Amino acid sequence: MTGSTTSGRPGSPAELAVRLRATGYLPDDGLATAAFLALRMDRPLFCEGEPGTGKTALAQAMAQVLDAPLIRLQCHEGIDASQALYDWDFPRQLLHLRALEAAAGASAEKLDADVVEASLYDPRFLIARPVLKALQTSPSVLLVDEVDRADDEFEAFLLEVLTEHAVSIPEVGEIRAKTPPLVVLTSNRTRDVHDALKRRCLYLWLDHPDLTREIAILRSRLPGVPERLAGQVAAAVRRMRELELLKPPGVAESLDWARALQLLGADELDVASAAASLGAVLKYREDADRVRAQLDTLLI
Ligand SMILES: Nc1ncnc2c1ncn2[C@@H]1O[C@H](COP(=O)(O)OP(=O)(O)OP(=O)(O)O)[C@@H](O)[C@H]1O
Ligand SMILES: [Mg+2]
């Protein structure tokens, strides 16, 4: 293994996998390789997959591995560059202006408009939003969560920032990252993100984990859950995923279900305990009705 340290950048996918596991995040080989390459190639990692497959958690785990702050930009419809980049602190600018006027009044001096304006746009009145904060913080992990919810214009803005690792603020000048942040973009694929943005990134599709890994995730996140119960929950959830439900359960729901069963004092999953806790795993009435009608076959 080259350059393997417990604090710096991992020297191989295998080392990254070990360090991710130490945070409680259990990767498969493909994920560890993609995340390793994103780090080493200074490329954003574009993570797509069903809800609850560990996209957001991957960014959180990477931040822990790198011992770097996680800076999160939650995308939504209508998000614009100013919400991602910076704002001016208007109330503080106003206070500053009043103070300048008061001082000038006291000394009967005339204020120079250019000087006043320059002092109003001092970096100390700049409120850094996530993208700017990530460029100013080295090292950092920038999570651009649910980028598919933003619109085309915002994507174009992201593309520019992710290519340049710098932004230009008219009153201040260029702000460039000392070390580019590790950028993790996530998408639930509610719409396709443009190829131009994807081209900049390494792509990772996150699938539901296989049975063994899902049991391991349950055991790692919920150490108090007995192995047998974890196995039953993971197996039942896998079968539910084959039913083409309106909202197939992700790992988040498996975790909630196991936790609910644990809180109900159930040490195994049977028809009664499953029926009592179904709301932890299924979120549509139609799905719950379908599953309830075939619980005995689902729980074999
Ligand atoms: N490989 C994994 N190892 C450990 N925990 C995991 C793993 N995958 C998912 N989880 C856990 O499952 C839960 C859901 O994960 P997360 O929120 O990251 O999913 P997501 O893909 O971002 O979902 P969404 O698309 O709904 O935002 C979290 O509690 C997370 O810690
Ligand atoms: Mg998420």
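Computed from a predicted model, the values in this text were never measured in an experiment. (Residues numbered from 1 in each chain as written. Chains lettered and ligands numbered in written order. Predicted model: local features only at pLDDT ≥ 70, side-chain atom pairs only at ≥ 80, totals over all residues. Heavy atoms only, no water.)

**Focus: the packing of helix α1 (residues 13–22) against helix α2 (residues 29–40)**
- Across the interface, α1 lies against α2 with an axial gap of 8 Å and an inter-helix angle of 105 degrees. One way to sum up the angle between α1 and α2 is to call them roughly perpendicular. Across from Pro13, Leu16, Ala17 and Leu20 in α1, the residues of α2 making contact are Leu31, Ala32, Thr33, Ala35 and Phe36.
- Across the contact of α1 with α2, the residue classes tally to eight nonpolar, one polar and no charged. (Axes fitted to C-alpha atoms, helices over the stretch in contact; angles between N-to-C directions. Helix = DSSP H or I, 4+ residues; strand = E, 2+ residues; numbered from the N terminus. Parallel < 35°, antiparallel > 145°, perpendicular 65-115°, else oblique. Contact = heavy atoms within 4.5 Å. Nonpolar A, V, L, I, M, F, W, Y, C, P; charged D, E, K, R; others polar.)

**Structural notes on the site of ligand 1**
- Around ligand 1 sit 18 residues, and of these Leu26, Gly52, Lys55, Ala57 and Asn188 come closest.
- Relative to its free-state accessible area of 630 Å², ligand 1 is covered by the protein chains to the extent of 81%.
- Every element with two or more residues in the shell around ligand 1 is listed here: α3 (55–66), α10 (211–221) and α12 (251–263).
- A class-by-class count of the residues in the shell around ligand 1 yields eight nonpolar, six polar and four charged.
- Shared between two domains, the shell around ligand 1 holds at least three residues of each, these being domain 1 (13–79 + 131–206) and domain 3 (211–292). (Near = heavy atom within 4 Å. Areas by Shrake-Rupley, 256 points an atom, 1.4 Å probe, with all protein chains shown as cover. Domains from an automatic or database assignment.)

**Regarding the pattern of salt bridges**
- Evaluation of the coordinates by the stated rule reveals 16 salt bridges.
- Between Arg149 and Glu146 there is a salt bridge, and its shortest N-O distance comes to 2.9 Å.
- For the salt bridge of Glu214 with Arg241, the shortest nitrogen-to-oxygen distance reads 2.8 Å. Pair noted here: Glu214 is in helix α10 and Arg241 is in helix α11 (residues 227–241), with a separation of 27 residues, a long-range link. (Salt bridge = Lys/Arg side-chain N within 4 Å of Asp/Glu carboxyl O.)

**What about α1?**
- Within the span of α1, buried status applies to Glu15, Leu16, Ala17, Arg19 and Leu20.
- On its buried face, α1 sits against α2 and α3.
- Phi turns positive one or two residues past the end of α1, at Gly24, with a value near 100 degrees. (Buried < 20%, exposed > 50% of the residue type's maximum accessible area, 1.4 Å probe, protein only.)

**Here's the deal with a negative patch on the surface**
- A grouping of Glu77, Asp80, Asp151, Asp152 and Glu153 is seen on the molecular surface, where their side chains present a negatively charged patch.
- Tracing the sequence through the fold places Glu153 in helix α8 (residues 152–164).
- For Glu153, a relative accessible area of 68% gives the class exposed. (Patch = residues over 30% accessible without salt bridge, like charges linked within 9 Å, V, L, I, M, F, W, Y side chains within 5 Å. Lys, Arg positive; Asp, Glu negative; His and termini not counted. Charge placed at Lys NZ, Arg CZ, Asp CG, Glu CD.)

**Notes on the side chain of Glu48**
- Relative to the assigned elements, Glu48 resides in strand β1 (residues 45–49).
- With residues near it in sequence (within four places) discarded, Glu48 still touches Lys55, Ser187, Arg189, Lys198, Tyr203, Leu204, Trp205 and Leu206.

**Some points on the packing of aromatic side chains**
- Across all of its chains, the model carries four aromatic pairs by this definition.
- Note on Tyr86 and Trp88: the rings are 6.3 Å apart at their centroids and 80 degrees apart in plane angle, and the pair reads as edge-to-face. With respect to class, Tyr86 is no different from Trp88; both count as buried.
- Between the aromatic rings of Phe154 and Phe157, the centroid separation amounts to 5.4 Å while the plane-to-plane angle is 40 degrees, which identifies the pairing as tilted. Taken together, the residues Phe154 and Phe157, both in helix α8 and three residues apart, mark about one turn of the helix. Considered together, Phe154 and Phe157 belong to a single accessibility category, that of buried residues.
- Grouped by ring-pair contacts, the aromatic residues Tyr86, Trp88 and Tyr121 constitute a single cluster. (Phe/Tyr/Trp six-rings, centres within 6.5 Å; stacked < 30°, edge-to-face > 60°.)

**Observations concerning the domain arrangement of the protein**
- When its domains are assigned, the protein resolves into domain 1 (13–79 + 131–206), domain 2 (86–125) and domain 3 (211–292).
- Of note, the centres of domain 1 and domain 2, computed from C-alpha atoms alone, are 38 Å apart.
- Contact with domain 1, which involves five residues of that partner, is made by four residues of domain 2.
- In total, about 390 Å² of surface goes out of reach between domain 1 and domain 2, with carbon and sulfur atoms giving 77% of it.
- Counting the surface domain 1 buries against domain 2, the share from its top three residues, Ile169, Glu171 and Val172, is 78%.
- On the surface where domain 1 and domain 2 come into contact, there are zero salt bridges.
- Counting across the domain 1 and domain 2 interface gives zero residue pairs in polar contact (both at pLDDT 80 or more).
- Classifying every residue of the side of domain 1 that touches domain 2 by side-chain character gives four nonpolar, no polar and one charged. (Buried area = accessible area lost by both parts, 1.4 Å probe. Polar contact = N/O pair within 3.5 Å; in protein donor to acceptor, adjacent residues only side chain to side chain.)

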